[in-house]
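These are the residues of each chain, in order.
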Amino acid sequence: MFKIDLKSVGKALESFYEQSVKGDTTVLRQERMCSIIHKLEFDKYLNNGGLYGKELEVFLPKYLEYNTRLHHPKYLGHQCAAPHYTAAIGTFINAFTNNVASIYEMGPASVSMEYYLINWMLQKIGWTAAPLCSEDRVNGFFGGGVLVNGGSLANLTALILARSKCAPEAWSEGNPSELCILLPSESHYSISRSVGIMGMGSQAIYSMDVDSKGAVIPDRLPGIYKQIKEDGKRPMALVANACSTPVGIYDPLDEIADFCEEHQLWLHIDGAHGASALLSEKFKHYLKGVNRADSLVWDAHKLLQTPSLCAALLLKDHRNLDGGLFVGENASYLFHEKEQPGFDFIHRMLETTKSGLGEKLFFVLAAIGEEGLTSFIDRQYKLTREAYDYIQQLSDFACPVRPQSNILCFEYLDTGLSQLEIRKRLIAKGDFYLTTTVFKDKRYLRLVFMSPETNMEVIKDLIDFIRKL
Ligand SMILES: *Cc1c(COP(=O)(O)O)cnc(C)c1O
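As a starting point, this report considers the structure included with it. (Residues numbered from 1 in each chain as written. Predicted model: local features only at pLDDT ≥ 70, side-chain atom pairs only at ≥ 80, totals over all residues. Heavy atoms only, no water.)

Considerations on the packing of aromatic side chains
Under the definition given, this model contains 16 aromatic pairs. Note on Tyr 115 and Phe 345: the rings are 6.4 Å apart at their centroids and 50° apart in plane angle, and the pair reads as tilted. With Tyr 115 in helix α6 (residues 108-125) and Phe 345 in the loop between α13 (318-322) and α14 (358-392), the pair connects residues that are 230 residues apart, well separated along the chain. Across the pair, Phe 345 and Tyr 115 agree in class, each one buried. Plain terms: the ring middles of Tyr 225 and Phe 259 are 5.8 Å apart, the flat faces sit at 85° to each other, and that makes the pair edge-to-face. You can see Tyr 225 sitting in helix α10 (residues 221-230) and its partner Phe 259 sitting in helix α11 (residues 253-262), a full 34 residues away along the chain. Of the two residues examined, Tyr 225 and Phe 259, each falls in the buried class. (Phe/Tyr/Trp six-rings, centres within 6.5 Å; stacked < 30°, edge-to-face > 60°. Helix = DSSP H or I, 4+ residues; strand = E, 2+ residues; numbered from the N terminus. Buried < 20%, exposed > 50% of the residue type's maximum accessible area, 1.4 Å probe, protein only.)

Put into structure tokens, the structure is as follows:
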């Protein structure tokens, strides 16, 4: 038997966090991998063991030195949360009990937590929460969902469900050749990849025109539909962004829903990043019409201060989820008749074993409350607008679009350097961490406001820094 001693871990993480928040270290430190493997003495530990107690106390600070600091005020990089520590505790607890949230008997508390959170999210969308007791689940119209390992996987699952609805014969006969799908030209790559994984080929994709902000133009949809019919194709779904990944713009969901309703088309909303705005009174108007969709993907590990990964796949009608994934005959140890005091998630997902993902979100939600998360989202969205107003009025900088979320793109005009080169120099020094994106055939610098510590001072510093490069 061993003792669970987390004192050294807590101490190391606390000092890592404090340094990050103060911003008196670099935000990232990239050394050559061969050098990191050498310096952290992986060989020694693997050969001799002993990485616990005193030795762990020595190792952890060295290891953390090479960790990218998401809590740092100058972290403006990818769309990953700077997690609240309470959420990390939830993750640790589940990691140790290793309760699996796939079937009830492998983790009654974990499954209950996930089921409860799915209902919380369903209600935020305006859908009907699922009954808690199994005897009440026999009939009735209500929503359903599942937490999976990432928005990409959730998108794939949603599209498979849409195909099951439109062409259930695909499971036995393969895809009907006339099957097609409507995607925004600005959709996340996981969507077109999913179409590829599903064996439909890129020829099945009808790309929807977007406006100068990159949002789908609803008036163009009837024209595309006419073309689809002329081509003898059958659309299985339409995907809309809430919001888009490169620039964070929301598609006009309500108008798109009108079109989908008229043609009885499955509407899937990729809200991996931006669905969290549903918690905000100020910004949820961007998601108007979301309740008219058939499926929605919502990542908690982006804007809900939750560690990776915790992505919700949510359906207005649970039956489209419960009956949508084919289960073969070779898993008799999992799928059989049984007295069911709880709920099994396993038939709702592509994974089999899955850790308790509810723990990642529940512990932060329960610690700081919905209000805590709401004010975080409001703060980040507002700060992004403020940064835009500031950068936009500088004569040597320009922004392609006014931000709607916490994503801001801009370019430095007064330079011989490419925007890529500017980023390269910034992150090489580790002073700032930001990304770039191509939007309308042009590359921009891209800020994603994830850290609760970022403020306008940081943005002004960044601008000065870029000018001096
Ligand atoms: C981030 C993102 C994804 C991918 O989600 P992961 O959780 O990183 O797999 C998909 N769609 C959109 C719109 C995103 O912003």
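What to know about the site of the ligand
Contacts to the ligand come from 15 residues, most closely from Gly 151, Ser 152, Asp 270, Asp 299 and Lys 302. A distance of 2.7 Å separates an oxygen atom of the ligand from a polar side-chain atom of Ser 152. Contact with the protein chains hides 87% of the accessible area of the ligand, taken as 380 Å² for the molecule alone. Within the residue set of the shell around the ligand, elements represented by two or more residues are α7 (151-166) and α12 (300-303). For the shell around the ligand, the leading source of residues is α7, giving three residues. Counted by class, the shell around the ligand contains two nonpolar, 10 polar and three charged residues. (Near = heavy atom within 4 Å. Polar contact = N/O pair within 3.5 Å; in protein donor to acceptor, adjacent residues only side chain to side chain. Areas by Shrake-Rupley, 256 points an atom, 1.4 Å probe, with all protein chains shown as cover. Nonpolar A, V, L, I, M, F, W, Y, C, P; charged D, E, K, R; others polar.)

With respect to helix α5 (residues 85-97)
Taking 1.5 Å of rise per residue, the 13 residues of α5 would be expected to cover 18 Å, and the 19 Å separating its terminal C-alpha atoms lies within 8% of that figure. Residues Thr 86, Ala 87, Gly 90 and Asn 94 constitute the buried set of α5. Along the axis of α5, the buried residues cluster in a sector spanning 105°; they form a single face. Across from the buried face of α5, at angles greater than 90 degrees, the exposed residues are Tyr 85 and Ala 95. Looking one or two residues past α5, Asn 98 carries a phi angle of roughly 55°, positive in sign. (Expected span 1.5 Å × (residues − 1). Arc of directions from axis to C-beta.)

Focus on the environment of Lys 54
Relative to the elements of secondary structure, Lys 54 occurs in helix α4 (residues 53-65). Between the C-alpha atom of Lys 54 and that of Ser 8, which follows or precedes it by 46 residues, the distance is 8.3 Å.

Side note on the sheet that holds strand β8 (residues 311-315)
Taken together, the seven strands give an open sheet; going across it, the order is β2-β8-β7-β6-β5-β3-β4, and neighbouring strands pair in mixed fashion. At either end of the open sheet lies a strand with only one pairing partner, and these are β2 (144-148) and β4 (205-208). Between one strand axis and the next, the sheet turns by 20° as a mean value, whatever way the strands run. In this structure, strand β3 (residues 179-184) lies alongside strand β5 (residues 234-241), joined through four bridges in parallel fashion. Paired with Leu 179 across the strands is Arg 234, a residue of β5. Packed on one face of the sheet, α10 meets β3, β4 and β5 and runs near 160° to β4. (Pairing = 2+ DSSP bridges. Axes fitted to C-alpha atoms, helices over the stretch in contact; angles between N-to-C directions. Contact = heavy atoms within 4.5 Å.)

A short note on the environment of Arg 446
With respect to the helices and strands, the residue Arg 446 is situated in strand β12 (residues 442-448). Arg 446 sits 36 residues away from Phe 410 along the chain, and the two C-alpha atoms are 6.5 Å apart. Once residues within four sequence positions are removed from consideration, Arg 446 is found in contact with Leu 76, Gln 79, Thr 245, Pro 246, Ile 407, Leu 408, Cys 409, Leu 434, Thr 435, Thr 436 and Thr 437. In terms of polar contacts, Arg 446 uses its side chain to reach the side chain of Gln 79, at 3.3 Å.

Quick word on the packing of α14 against helix α16 (residues 456-468)
Remark: α14 packs on α16, axes separated minimally by 10 Å, with the N-to-C direction vectors making an angle of 35°. For the element pair α14 and α16, the recorded crossing hand is right-handed. Across the interface between the two elements, Leu 383, Glu 386, Ala 387, Tyr 390 and Ile 391 of α14 pack against Met 456, Ile 459, Lys 460 and Ile 463 of α16. Looking at the contact of α14 with α16, its residues break down into seven nonpolar, no polar and two charged. (Left-handed = near helix turned anticlockwise from the far one by under 90°.)

Some thoughts on the pairing of strand β6 (residues 267-270)
Both faces of β6 are covered, namely the face carrying Leu 267 and Ile 269 and the face carrying His 268 and Asp 270. Bridge analysis of β5 against β6 gives four bridges, and the strand direction is parallel. When the sheet's bridge partners are listed, Asn 241 is paired in β6 with Asp 270. What joins β5 to β6 is α11, and the crossover it makes is right-handed. Bridging between β6 and strand β7 (residues 295-299) involves three bridges; their strand directions are parallel. Each residue of the ladder has a partner; that of His 268, found in β7, is Ser 295. (Right-handed = clockwise from strand over helix to strand, strands pointing away.)

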